[in-house]
Amino acid sequence: PGLYDGGIAWSGVLMTPERNLLTYLPTALRHYPQYAATGSEQAHQALLDAGFPAGSEPTWAYSHRNFWDPLQRILREEIDPTYDGDRLAGYALCVSGTLDCDADYDLATRPAEVRETLSRLSLTGRIGKPLLQLQGSLDTAVTPRDTRLYAAMIESQGREHLTRLYEVEGGTHFEDDLWKAFPGLARPMLPCFQDAFDALEDWTIDEVNPPDSHLVTRDASTDL
């Protein structure tokens, strides 16, 4: 914190031993194909239970192809390379039940050294400078559940006065692609980031407190 005055976490990735990308991306890889193929209510509920926000379903195919599958394999290879032996970064779009498939990855059953690695990488909530969190309500990569959990971690450290959480209605993780593909559903978050940056400057330079944490409701006139 001595190197900077404050920060903005735009869809900041949560990393703790209990909740991280390796705890919920395997759920997406296991259940999304069944949901896509059959509309299974059980599969749909499994994704919602994992934290993927209701209303984001139209974007799940994009997320599966461009984020859930590749990032799960790349991240798992870095943190737990022995899962699939000498294979580098797993098997792309593998089917659950096939050999060493990342869709079947279960962090809870992995060796202790894997969880120790995650512990070393984990966030603590002990922030030392002002932090504004910006989170899309339809984000299917870093879910709203993750940023709320991090806000709670900061509060548990007695540092809630240093942070605000702004959830952006209709915001996604993949700014341009999903806004253009689903203009009635998604919205661009860049204007909200620009507002947040102005608020951070006011906070850190002029000591003007930013607005309290809140949902930034959608106004179509700002979708520019």
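Structure first, text after, so check above.
Throughout what follows, the structure given in this document is the object of discussion. In this text, all values refer to a predicted model and were calculated from it rather than measured experimentally.

Things to note about the pairing of strand β3 (residues 163-168)
Here comes step 1: β3 sits mainly inside the fold: six of its six residues count as buried.
Here comes step 2: Residues Thr163, Leu165 and Glu167 line one face of β3 and the alternating positions Arg164, Tyr166 and Val168 line the opposite face, and both faces are buried.
Here comes step 3: As paired strands, strand β2 (residues 131-136) and β3 are joined by six bridges and run parallel to one another. Bridging across to β3, Gln133 finds its partner in Leu165.
Here comes step 4: Between β2 and its parallel partner β3, the chain crosses via helix α5 (residues 144-156), and the hand of that crossover is right-handed.
Here comes step 5: Alignment of β3 against strand β4 (residues 214-216), held across three bridges, turns out to be parallel.

Here's the deal with the environment of Glu175
Here comes step 1: Structurally, Glu175 is set in helix α6 (residues 175-181).
Here comes step 2: For the pair Glu175 and Met189, spaced 14 residues apart in the sequence, the C-alpha separation amounts to 6.8 Å.
Here comes step 3: Contact partners of Glu175, with chain neighbours within four places excluded, come to Trp10, Pro188, Met189 and Leu190.
Here comes step 4: Within the structure, the side chain of Glu175 is placed 2.6 Å from the backbone nitrogen of Met189, a separation counted as a polar contact.

A look at helix α7 (residues 190-206)
Each full turn of the α-helix corresponds to 3.6 residues, which orients residues three or four apart in the same direction.
Here comes step 1: Its 17 residues place the ends of α7 23 Å apart at the C-alpha level, agreeing with the 24 Å of an ideal helix rising 1.5 Å per residue.
Here comes step 2: Of the surrounding elements, those touching the buried residues of α7 are β1 (7-10), β2, β3 and β4.
Here comes step 3: Trailing α7 by a residue or two, Glu207 shows a phi angle of about 60°, which is positive.

Cut-off values and rules
- Residues numbered from 1 in each chain as written.
- Predicted model: local features only at pLDDT ≥ 70, side-chain atom pairs only at ≥ 80, totals over all residues.
- Heavy atoms only, no water.
- Buried < 20%, exposed > 50% of the residue type's maximum accessible area, 1.4 Å probe, protein only.
- Helix = DSSP H or I, 4+ residues; strand = E, 2+ residues; numbered from the N terminus.
- Pairing = 2+ DSSP bridges.
- Right-handed = clockwise from strand over helix to strand, strands pointing away.
- Contact = heavy atoms within 4.5 Å.
- Polar contact = N/O pair within 3.5 Å; in protein donor to acceptor, adjacent residues only side chain to side chain.
- Expected span 1.5 Å × (residues − 1).

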